[in-house]
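# Descriptive structure summary
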Amino acid sequence: MTDHPAVSSIDAVAAELQVEAGAHGSRRAARTLVSGTSQRATLIALGDGAELAEHDSPPAATLQVVVGTVRLHTQSAEWTLERGQLAVVPPERHGLQALGDAVVLLTVALR
């Protein structure tokens, strides 16, 4: 397991990442909070309109919206997710777009 704090303040890290995303040309910033052999949890800040382009799905993952609203989409479906909502990431190629400034917590099973 990599060196991460045993406890993280999601709100504090989200605020830091929003500042970083605002200063970066991609309007994105991320920090891995938990990393081990079987799971990873990453907090991702996206500025208004920023995207994570379509990519392959891990074996299993969830996406929780911490701040703002995002659009999770596949070739055949899309979901608008708001603060406080948790979604299963579909087991197919998918992408994510911020509908306003947003922060999400992505939790991934690595095997």
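Just so we're clear, the structure is a prediction, and the values are computed from it rather than from any experiment. (Residues numbered from 1 in each chain as written. Predicted model: local features only at pLDDT ≥ 70, side-chain atom pairs only at ≥ 80, totals over all residues. Heavy atoms only, no water.)

## Describing the sheet that holds strand β9 (residues 102-109)
Selection rule: Think of it this way: DSSP has to see at least two bridges between two strands before they count as a pair. Secondary structure is summarised from DSSP: a helix means a run of H or I of at least four residues, a strand means a run of E of at least two, and numbering begins at the N terminus for each. The axes used here are C-alpha line fits, helices contributing only the stretch in contact, and every angle between their N-to-C directions lies in the interval 0 to 180 degrees. Contact criterion: two residues are considered in contact whenever any of their non-hydrogen atoms come within 4.5 Å of each other.
Spatial ordering of the open sheet is given by β1-β2-β9-β4-β7, a layout of 5 strands whose pairing is antiparallel. Two strands bound the open sheet, and with one partner strand each, they are β1 (28-35) and β7 (86-88). With direction set aside, neighbouring strand axes in the sheet form an average angle of 20°. Pairing analysis gives 8 bridges linking strand β2 (residues 39-46) to β9, with the strands arranged antiparallel. In the strand pairing of β9, Ile44 is matched with Val104. On the sheet, helix α1 (residues 10-23) packs against β1, β2, β4 (60-67) and β9 and is oriented at approximately 150° with respect to β1.

## A word on α1
Put simply, the rule is: In this analysis, the expected span of each helix is defined as 1.5 Å times one less than the number of residues it contains. Only protein chains enter the area calculation, which uses a 1.4 Å probe; residues under 20% of their type maximum are buried, those over 50% are exposed, and those in between are partly exposed. The arc in question is the one spanned by the directions pointing from the helix axis to the C-beta atoms.
The terminal C-alpha atoms of α1, which comprises 14 residues, lie 20 Å apart, in line with the 20 Å expected from a rise of 1.5 Å per residue. Along α1, the residues classified as buried are Val13, Ala14, Leu17 and Ala21. Across the axial projection of α1, the buried residues extend over an arc of 100°, all falling on one side. For α1, the exposed residues set more than 90 degrees away from the buried face come down to Asp11, Val19, Gly22 and Ala23.

## A word on unusual backbone geometry
Non-glycine residue Arg27 carries a positive phi angle of around 60°. Here Arg27 is to be found in the loop between α1 and β1.

## Describing the pattern of salt bridges
Note the following rule: Any carboxyl oxygen of Asp or Glu that lies within 4 Å of a side-chain nitrogen of Lys or Arg is treated as forming a salt bridge with it.
Per the stated rule, a full pass over the model turns up 5 salt bridges. The salt bridge partner of Arg93 is Asp56, with a shortest N-O separation of 3.1 Å. Placement of the pair is Arg93 in the loop between β7 and β8 (94-98) and Asp56 in the loop between β3 (51-55) and β4, with a sequence separation of 37 residues. With a relative accessible area of 39%, Arg93 lands in the partly exposed category. Looking at Asp56, the relative accessible area reads 56%, which means it is exposed.

## Here we look at the side chain of His94
Our working definition: A 3.5 Å cut-off defines polar contacts: any pair of N or O atoms within that distance qualifies, except that in protein one atom must be a possible hydrogen donor and the other a possible acceptor, and neighbouring residues in sequence count only when both atoms are side-chain atoms.
Relative to the assigned elements, His94 resides in strand β8. At 3.0 Å, the side chain of His94 and the backbone oxygen of Glu92 are in polar contact.

## Thoughts on the nonpolar core
The cut-off we apply is this: Grouping buried Ala, Val, Leu, Ile, Met, Phe, Trp, Tyr and Cys residues that are joined through side-chain atoms within 4.5 Å yields what is termed a nonpolar core.
Within the largest apolar cluster, 16 residues are counted, with the highest numbers of intra-cluster contacts made by Leu46, Leu63, Val65, Val70, Leu81, Leu96 and Val104. Filtering out sequence-adjacent residues up to four positions away, Val70 remains in contact with Val65, Trp79, Thr80, Leu81, Leu96, Gln97, Ala98, Leu99, Ala102 and Val104. Grouped together as the second largest cluster of nonpolar side chains are 12 residues, Val13, Ala29, Leu43 and Val103 included.

## Some details on the sheet that holds strand β6 (residues 78-82)
One open sheet holds the 4 strands; their spatial order is β3-β8-β5-β6, and the pairing between them is antiparallel. Here the strands that pair on one side only, and so sit at the sheet edges, are β3 and β6. Between one strand axis and the next, the sheet turns by 15° as a mean value, whatever way the strands run.

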